[in-house]
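Chain and residue survey
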Amino acid sequence: MTTKPNHHAQNYYLGDSYFLDVTSTLSKSTKKWRIALAAIYSSRVFLSLAKEIVARRKNPFLTTILRTPSYTALNIHLDDDNNSKDRSEDRLSLSDDEFRSLTEIVKEKDLGRLNQLGGVKAVVKTLKTDSENGIHGEAEEISRRQTVFGSNTYEKPPAKGFFYFVWEAFQDMTIVILLVCATLSLGFGIKENGANGWYDGGSIFVAVFLVIVVSAVSNFRQSRQFEKLSSVSNNIQVDVVRDGRRQKISIFDIVVGDIVYLNIGNQIPADGLFSDGQSLQVDESSMTGESEHVEVDGTKNPFLFSGAKVVDGYAHMLVSSVGRNTAWGEMMSTISRDNNERTPLQARLDKLTSSIGKIGLSVAILVLIVLLVRYFTGNTEDENGNREYNGSKTKFDDVMNAVIRIVSAAVTIVVVAIPEGLPLAVTLTLAYSMKRMMADQAMVRKLSACETMGSATTICTDKTGTLTLNQMKVTKFWLGQEAIKDSVASTIATTILGLLHQGVGLNTTGGVYRPNAGAVPEFSGSPTEKAILSWAVLELGMNTEELKRNCSILRVEAFNSEKKRSGVLSRNNDDKTIHVHWKGAAEMILAMCSNYYESSGRVKVMDEGERIAFQKIIQGMAANSLRCIGFAHKNIAKDVLEYDEEGKVRQPLNDDGLTFLGLVGIKDPCRPGVKKAVQACKDAGVTIKMITGDNVFTARAIAIECGILESDEESNSGVVEGVEFRNYTQEERMERVDSICVMARSSPFDKLLMVQCLKQKGHVVAVTGDGTNDAPALKEADIGLSMGIQGTEVAKESSDIIIMDDNFASVATVLQWGRCVYNNIQKFIQFQLTVNVAALVINFIAAVSAGDVPLTAVQLLWVNLIMDTLGALALATERPTQELMEKPPVGRTAPLITNVMWRNLLSQSLYQIAVLLILQFKGESIFSVNSKVKDTLIFNTFVLCQVFNEFNARSLEKKNVFKGIHKNKLFLGIIAITLILQVIMVEFLKKFANTERLNWAQWGTCIGIASVSWPIGWVVKCIPVPKTPIFDILRQRLKRQQKHVQT
């Protein structure tokens, strides 16, 4: 019978037949070990509790976040042998305290406690997993582990709700002033006119309410969209092994007991322990703030933390805790993400809004002063023609109502003058474009990248996977100076074959999975690794399982983009001979060799003539767009190796005097449509530069195939090696950087150097990158574009936009969307400034001359709603057109409001001002109507002018503004909604909008006047404008006049 001490009575993680009682099957020796262990730890419990109490008093925050008791509570079950036999050996139990102890051991990096528990191997056994084959991959097993240990997610702070954005909209000072005016107007109106006195104040309340709701809804939807994009960007794919099969799964699907494969650039997805690997170094700065890289191994420091990043080497990690049980999960659960990022364009628009607002405020103050003076001097009349103010005879309520009406009109002018729609237009167009770009395989991480991409003048792109398909296959194999074409395994010597098996199978970060002997093998790893492994297994007959049994790996030097090679030191288990194998860029490997193998197995000395012959073979393969990978080998004497105290080889791998084993040529075909995409970018005035690690000949061949270089260009024109560019002086780099089209054999530092030079020359630079070492260039560039498939997590975090399909055509699409964002915002600026200028001038002239404003507060708020929200929605959601890719890039210093926009908006504003002023002063006599109908005609004509001008704003330069309009259903829908609402305002909301019903003839007149804006827009676009910005021209003339005066 199982007995439990009372002080260990607690909850268990029970997961049916798999996670049940571990102690029921313990041997006698293990039971004794458990009892001894319990005695050791019980003596430490009281000391740990005392330390915990002290820590809590000093810093309660640390104890709640880190939870660091330094003891382990284990259940000791003393079962008799008979009952033990009755229990299944597969049944395993992990108590609450045991799991918590394991979690804390990892968090605290407590190596002593880990070793007392039996080390990593004991934890592997306890968690019922296998360090080679991983856990069972059935859905039931995964679900059980998630139930027992939790899922790899953490609770985020609650998102901002709708009412938060409503409250934020209330913070606007003009809205507050309008609400105060509405409250006073409502109070005095009801007091004076009873039940019918609420119209003026109530209508302002309703109008303000609409403005607030529309603004809050827009911001709330944007916030929700960012949350969705954030969840997509956090859904990282991770390599794990389950049932012996290596596979990619979502980071959210990782469970405790999983064996995760970690390579350079990977983000560690959970807390865990080092199970196997070589030369692993991680960056824990996100957790600790320390910039020093931490070395992780199986003896001194086997602890790995979620959120850290692999900077060197590779490893297999046993997952010990996930989600909220990790240090990263605890920390992230307390952090809220703020999406209030201000893009450069938004900052420029804030300045523009501020400038226009100041002008509007000045006009409003003038109107306020003029109207107050006219009222108190008796120069205003009521509806019956009587003087409104008669000194002491006028009631106080009448005076207050008049003052409130005047203040409301002045404040409303400010509301209309301040282009609040500009930030909203930017938000809408960015949110819309982000959503559409996601469908076009581009995920925006930083808002500013959307607009900056539209100004890009140069794109520096990788080759592999971006310009090419990244579907690699070995198509050529050279052994010695002989090309081996058919029956590779049977035509070369057995010793050479064995060395090639070792050189491929041991020196790799990929893997081969074969469910059973007759099954087709599955290959994992990078595309290059998969291509070489596939060739070795299918052509050379390599058996990876047998290879691992026969050889032991002593030391590994992982591949990096600086050296462009990787090496492995191995020992044959049979004869104990030691070999070093190198694999990498063919010319790099060749330079390390002094001998070479022939297919017969004979070793020959490599003299200068034969070295040149090998170089020509490499160049010939490269000229056919093949990536050349070389293999080299060397026997190492046992006595030259030095070992450290842990029995590991201390010195780096020998890399000279090697014997050249052979080389393979890997074909990576260009992507379909990449040439068309490159040409589209060139037509748009954007320069394409290819930066690759391949040799000059492969790089040139691919560049010609993709259209980056012309086939008739000189062989050396526009092509440079990274080392050559690096060794230029600063002056030479600045002089030649524009003419370079291809940089071969480049390192990440060379890429960074090129980006810096291009930026210094005034270019707006976009850079693609996928490796960890690309991070500096991605950060330095104006727009960093990382690859979604092959890109490491470090590269993705350093980038602004993730290209989900790794395709250059998607880069061209991003460029087009960037230009579309910029263009849409310019359209809206032109549209809104037209309204602002017309409304300000009309109200100011009418107030000064007639003592009254033709457009009431409610009417102006309605116009504000049309142009701010509906107008922004209509113009900000235009899709990109081919015409955008026919213009040169905007660049850094181009003004936001161009000469073309000034021409268009001034012409429309002058027309509207002229027409409305005629209606204001002559409308009653022309149409034989009273002042109320005249004011309604002015209001209706003004709104319809904006509706017609919205069509003009669809294109800044094209005369045909209706092209493609049938494709933009949203634009047509908004126009229809605006017209319907305007009819309702005029015909059915007379008291609310202070309007009079119009007959058919009057409606026709208003539409006719408004429609004239179309031919005006067509004619105006025939007028040429100078390319130099108008303010630059004025500035130059002013300088000339000042010089003339001085002379």
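Bear in mind the structure is a predicted one, so any value in this text is a computation, not a measurement.

Re the overall build of the protein
Check the secondary structure of the protein and you find 38 helices and 28 strands. By the burial criterion, 52% of the 1047 residues in the protein qualify as buried. Summing over all exposed atoms, the protein offers an accessible surface of approximately 47,300 Å²; the carbon and sulfur share of this is 56%.

Thoughts on helix α33 (residues 931-952)
Taking 1.5 Å as the rise per residue, α33 with 22 residues should run 32 Å; its terminal C-alpha atoms sit 31 Å apart, in good agreement. Of all the 22 residues making up α33, 20 are buried; the element is thus mostly covered by neighbouring parts of the structure. The backbone nitrogen of Lys932 lies 3.2 Å from a side-chain oxygen of the residue at the head of α33, namely Asn930.

Points about the packing of aromatic side chains
The tally for this structure, following the rule as stated, stands at 16 aromatic pairs. Here Tyr375 and Phe376 contribute two aromatic rings whose centre-to-centre distance is 5.0 Å and whose plane-to-plane angle is 80°, an arrangement assigned as edge-to-face. Overall, the relative accessible area of 2% leaves Tyr375 in the buried class. Measuring from centroid to centroid gives 5.3 Å for Phe614 and Phe660, while their planes differ by 75°, and the two rings are edge-to-face. Of this pair, Phe614 sits in helix α22 (residues 608-623) while Phe660 is found in strand β22 (residues 658-667), placing the two residues 46 residues apart along the sequence. An identical accessibility class is assigned to Phe614 and Phe660; each is buried. In this structure an aromatic cluster arises from ring pairing among Phe162, Phe163, Tyr164, Phe165 and Phe220. Directly above the aromatic system of Trp582 lies the positively charged group of Arg565, at a separation of 4.5 Å from the ring centroid. The ring of Trp1018 has Lys959 lying over it, and the distance from NZ or CZ to the ring centre is 5.2 Å.

Some thoughts on the environment of Phe303
Checked against the element boundaries, Phe303 lands in strand β8 (residues 303-304). It is 9.8 Å that separates the C-alpha atoms of Phe303 and Leu318, two residues lying 15 residues apart in sequence. What Phe303 contacts, discounting residues up to four positions off in sequence, is Ile105, Val106, Lys109, Asp110, Leu111, Leu114, Gly272, Leu273, Glu284 and Val296.

Overview of the UniProt feature "transmembrane region" (unreviewed entry) in the protein
Within this structure's numbering, the places UniProt gives as "transmembrane region" (unreviewed entry) are residues 162-190, 202-220, 356-376, 402-432, 833-851, 857-877, 970-988 and 1000-1020. Taken end to end, residues 202-220 comprises 100% helix and 0% strand; its first and last C-alpha atoms sit 26 Å apart. Secondary structure content for residues 1000-1020 is 95% helix and 0% strand, and the end C-alpha separation is 31 Å.

Structural notes on helix α34 (residues 969-987)
Spanning 19 residues, α34 covers 27 Å between terminal C-alpha atoms, matching the ideal 27 Å at 1.5 Å per step. What α34 keeps buried is the set Phe971, Ile974, Ile975, Thr978, Gln982, Met985, Val986 and Glu987.

Topic: the nonpolar core
In terms of nonpolar packing, the biggest core is built from 66 residues, with Phe939 and Phe942 touching the most fellow members. For this core, the element with the highest residue contribution is α33, accounting for nine residues. If we ignore the near neighbours within four places in the chain, the residues touching Phe939 are Leu855, Gln859, Trp862, Val863, Gln982, Met985, Val986 and Thr995. Core analysis: the second largest hydrophobic core is formed by 64 residues, Met437, Ile688, Ala812 and Leu905 among them.

Side note on the sheet that holds strand β11 (residues 458-461)
Taken in spatial order, the eight strands line up as β10-β28-β27-β26-β11-β23-β25-β24 in an open sheet, and their pairing is mixed. Of all strands in the sheet, those bounded by a partner on one side alone are β10 (442-444) and β24 (719-721). The sheet shows a mean angle of 20° between the axes of neighbouring strands, direction not considered. Judged from the four bridges that link them, β11 and strand β23 (residues 687-691) form a sheet pairing that is parallel. Bridge pairing links Cys460 to Lys689 in β23. Packing against the sheet, helix α24 (residues 696-706) makes contact with β23, β24 and β25 (742-744), and its axis sits at approximately 150° to β25. Lying on the sheet, helix α27 (residues 748-760) is in contact with β11, β23, β25 and β26 (765-769); it crosses β26 at an angle near 170°.

Rules behind the numbers
Residues numbered from 1 in each chain as written. Predicted model: local features only at pLDDT ≥ 70, side-chain atom pairs only at ≥ 80, totals over all residues. Heavy atoms only, no water. Helix = DSSP H or I, 4+ residues; strand = E, 2+ residues; numbered from the N terminus. Buried < 20%, exposed > 50% of the residue type's maximum accessible area, 1.4 Å probe, protein only. Areas by Shrake-Rupley, 256 points an atom, 1.4 Å probe, with all protein chains shown as cover. Expected span 1.5 Å × (residues − 1). Polar contact = N/O pair within 3.5 Å; in protein donor to acceptor, adjacent residues only side chain to side chain. Phe/Tyr/Trp six-rings, centres within 6.5 Å; stacked < 30°, edge-to-face > 60°. Lys NZ or Arg CZ within 6 Å of the ring centre and 35° of its normal. Contact = heavy atoms within 4.5 Å. UniProt positions renumbered as here; feature names shortened; annotations may be inferred. Core = buried A, V, L, I, M, F, W, Y, C linked by side-chain atoms within 4.5 Å. Pairing = 2+ DSSP bridges. Axes fitted to C-alpha atoms, helices over the stretch in contact; angles between N-to-C directions.

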